[in-house]
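Coordinate inspection notes
In case you want the letters, here they are:
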Amino acid sequence: MIMNRYGRAAWAHWREHLPGRYGMLPDPLAYFTRLGEKAERQAGELTDAMVLAGTPAGGETSEQRSRRLLAVQDEAEQVVLRELIRPSAAPSPDDAASARDLTVPSSPN
């Protein structure tokens, strides 16, 4: 298994800030590998949706488009980081089930 950057970021965050939740995971490598894959997929999907929603009718230079797309990508990544990679310290009802079943937390979408 190869863990992507999202998985590595989540692993580091949980170990430092959520040691109790981290300790409940029977196989952290598998959990964070799958969580990273899910985060990467969601960031891409959110970026695509945001690009389509914010595409101007015309008159945009290639430099303006490039800056807009980078800003959209950054915003989408921040959403995913906040929701999946760096969850709050407050436990949710799904924590025990997620750790026990080794499932990646589901998103509201």
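Residues numbered from 1 in each chain as written. Predicted model: local features only at pLDDT ≥ 70, side-chain atom pairs only at ≥ 80, totals over all residues. Heavy atoms only, no water.

Glancing now at the overall build of the protein. Broken down by element type, the protein carries five helices and zero strands. The buried share among the 109 residues of the protein stands at 37%. By sequence separation, contacts in the protein at least 24 residues apart represent 74% of the contacts at least 6 residues apart. Here the protein has roughly 6900 Å² of accessible surface; of this, 54% comes from carbon and sulfur atoms. (Helix = DSSP H or I, 4+ residues; strand = E, 2+ residues; numbered from the N terminus. Buried < 20%, exposed > 50% of the residue type's maximum accessible area, 1.4 Å probe, protein only. Contact = heavy atoms within 4.5 Å. Areas by Shrake-Rupley, 256 points an atom, 1.4 Å probe, with all protein chains shown as cover.)

Turning our eyes to something else, we now look at helix α1 (residues 5–17). Across its 13 residues, α1 extends 18 Å between first and last C-alpha, which sits within 8% of the 18 Å expected from 1.5 Å per residue. Residues of α1 that are buried: Tyr6, Gly7, Ala10, His13 and Trp14. The buried residues of α1 all sit within an arc of 130° when viewed along its axis, so they share a single face. Facing away from the buried side of α1 by more than 90 degrees, the exposed set consists of Arg15 and Glu16. (Expected span 1.5 Å × (residues − 1). Arc of directions from axis to C-beta.)

In this structure, Trp14, Phe32, Leu35 and Ile85 are the most contacted members of the largest nonpolar core, which totals 16 residues. Contributing elements (two or more residues each) for this core: α1, α3 (28–54) and α4 (62–85). Ignoring sequence-local partners within four residues, the contact set of Trp14 consists of Pro19, Arg21, Tyr22, Leu25, Tyr31, Phe32, Ile85 and Pro87. (Core = buried A, V, L, I, M, F, W, Y, C linked by side-chain atoms within 4.5 Å.)

In total, this model carries three salt bridges according to the counting rule given. Between Arg67 and Glu63 there is a salt bridge; the shortest N-O distance is 2.6 Å. You can see Arg67 and its partner Glu63 sitting in helix α4, four residues apart, about one turn around the helix. The exposure class of Glu63 is exposed, given its relative accessible area of 52%. (Salt bridge = Lys/Arg side-chain N within 4 Å of Asp/Glu carboxyl O.)

Moving on, we come to the confidence of the model for the protein. On average, residues of the protein score 83 in pLDDT, and 82% of them reach the 70 mark or higher. The spread of mean pLDDT over the elements of the protein runs between helix α5 (residues 94–101), the lowest at 48, and α1, the highest at 95. (pLDDT = per-residue confidence, 0-100.)

Right, let's talk about the packing of α1 against α4 for a bit. Contact geometry for α1 and α4: axes closest at 10 Å, N-to-C directions at 45°. By the angle class used here, α1 and α4 are oblique. With respect to the hand of their crossing, α1 and α4 are arranged in right-handed fashion. On the side of α1, the interface is formed by Arg5, Tyr6, Ala9, Ala10, His13 and Trp14, while α4 contributes Glu77, Leu81 and Ile85. (Axes fitted to C-alpha atoms, helices over the stretch in contact; angles between N-to-C directions. Parallel < 35°, antiparallel > 145°, perpendicular 65-115°, else oblique. Left-handed = near helix turned anticlockwise from the far one by under 90°.)

Take Arg8: it is sitting in helix α1. On a C-alpha basis, the gap between Arg8 and Ile85 in space is 9.1 Å, while along the polypeptide they are 77 residues apart.

The subject of this paragraph is α4. Here α4 is 24 residues long and its end C-alpha atoms lie 32 Å apart, about the 34 Å a rise of 1.5 Å per residue gives. Every buried residue of α4 is accounted for by Arg68, Val72, Ala76, Glu77, Val80, Leu81, Leu84 and Ile85.

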